[in-house]
Amino acid sequence: MARPSKLAHVVYMTRRYNQMLNWYQTVFEAKVQYQNPAFAFLTYDDEHHRFAFANMSILNPEGIEMDATSKVGVNHVGYTFSTVGELLETYERLKQAGITPYWRVHHGVTLSVYYRDPDGNRLEFQVDCCANADEAHTFMQSDAFALNPIGVEIDPDVLLAQYRSGTSQEQLLKLPVGPPAPIPREHGL
Ligand SMILES: [Fe+2]
């Protein structure tokens, strides 16, 4: 059976067109490949477009904005960084730009920070904590995961300071001891 070889792009419909373009350019250091008043295509790597934005104020000016937090559909899109250092440096860069995560959590299998864009769409920036998919699968079958499948809250500023002082990647990626992280209201579940 043939399967897709990769995820290509995500397309957002918005009535905050310029805000959304600015936010995705900042967060992903993305470049605008093409833009007109109704559509824009952005990329941050070798894909011709990773994001597209449809300006609903032009395409459907009479339409009403739906409450993005209470609908069924996509909860978030997750993006993996290669190293915990890259994740933490991105966290810091965005914090300096005034963009902060609404949830900071070690899921056991990933260390994750979650953001909401100007429309309230969620995304997760993560780093894998397991060496491979087999190790992650084994952890997800464990008693520890059954007891706490959500994870433990983390403080990225503390991890960043530890990273800067030379703490190993292995140590930074360890699941901290703590109670199950509460799921924030902003997560929409
Ligand atoms: Fe996720």
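Everything below is about the structure shown above.
Residues numbered from 1 in each chain as written. Predicted model: local features only at pLDDT ≥ 70, side-chain atom pairs only at ≥ 80, totals over all residues. Heavy atoms only, no water.

Draft legend 1. The arrangement of the coordination of the iron ion in detail. Bound to the iron ion on the protein side are His76 (NE2) and Glu124 (OE), at distances that span 1.9 to 2.2 Å. Of this pair, His76 sits in strand β5 (residues 76-81) while Glu124 sits in strand β8 (residues 122-128), placing them 48 residues apart in sequence. Given a relative accessible area of 29%, His76 falls into the partly exposed group. Since its relative accessible area comes to 5%, Glu124 is described here as buried. (Donors = N, O, S within 2.8 Å, 3.2 Å for Na, K, Ca; no water. Helix = DSSP H or I, 4+ residues; strand = E, 2+ residues; numbered from the N terminus. Buried < 20%, exposed > 50% of the residue type's maximum accessible area, 1.4 Å probe, protein only.)

Draft legend 2. Spotlight on a nonpolar patch on the surface. Side chains of Phe39, Ile58 and Leu59 sit close together on the surface and give an oily, nonpolar patch of about 260 Å² of accessible area. Along the polypeptide, Phe39 turns up in strand β3 (residues 39-43). (Patch = residues over 30% accessible without salt bridge, like charges linked within 9 Å, V, L, I, M, F, W, Y side chains within 5 Å. Areas by Shrake-Rupley, 256 points an atom, 1.4 Å probe, with all protein chains shown as cover. Salt bridge = Lys/Arg side-chain N within 4 Å of Asp/Glu carboxyl O.)

Draft legend 3. Just the packing of helix α3 (residues 84-96) against helix α6 (residues 156-164), in detail. Taken N-terminus to C-terminus, the directions of α3 and α6 make an angle of 125 degrees; their axes are 10 Å apart at the nearest point. In terms of orientation, α3 and α6 fall into the oblique class. Considering how the two elements wind past one another, α3 and α6 form a crossing that is left-handed. Residue-level contacts link Gly85, Leu88, Glu89, Tyr91, Glu92 and Lys95 of α3 to Pro156, Asp157, Leu159, Leu160, Tyr163 and Arg164 of α6. Taken together, the residues of the contact of α3 with α6 break down into 6 nonpolar, 1 polar and 5 charged. (Axes fitted to C-alpha atoms, helices over the stretch in contact; angles between N-to-C directions. Parallel < 35°, antiparallel > 145°, perpendicular 65-115°, else oblique. Left-handed = near helix turned anticlockwise from the far one by under 90°. Contact = heavy atoms within 4.5 Å. Nonpolar A, V, L, I, M, F, W, Y, C, P; charged D, E, K, R; others polar.)

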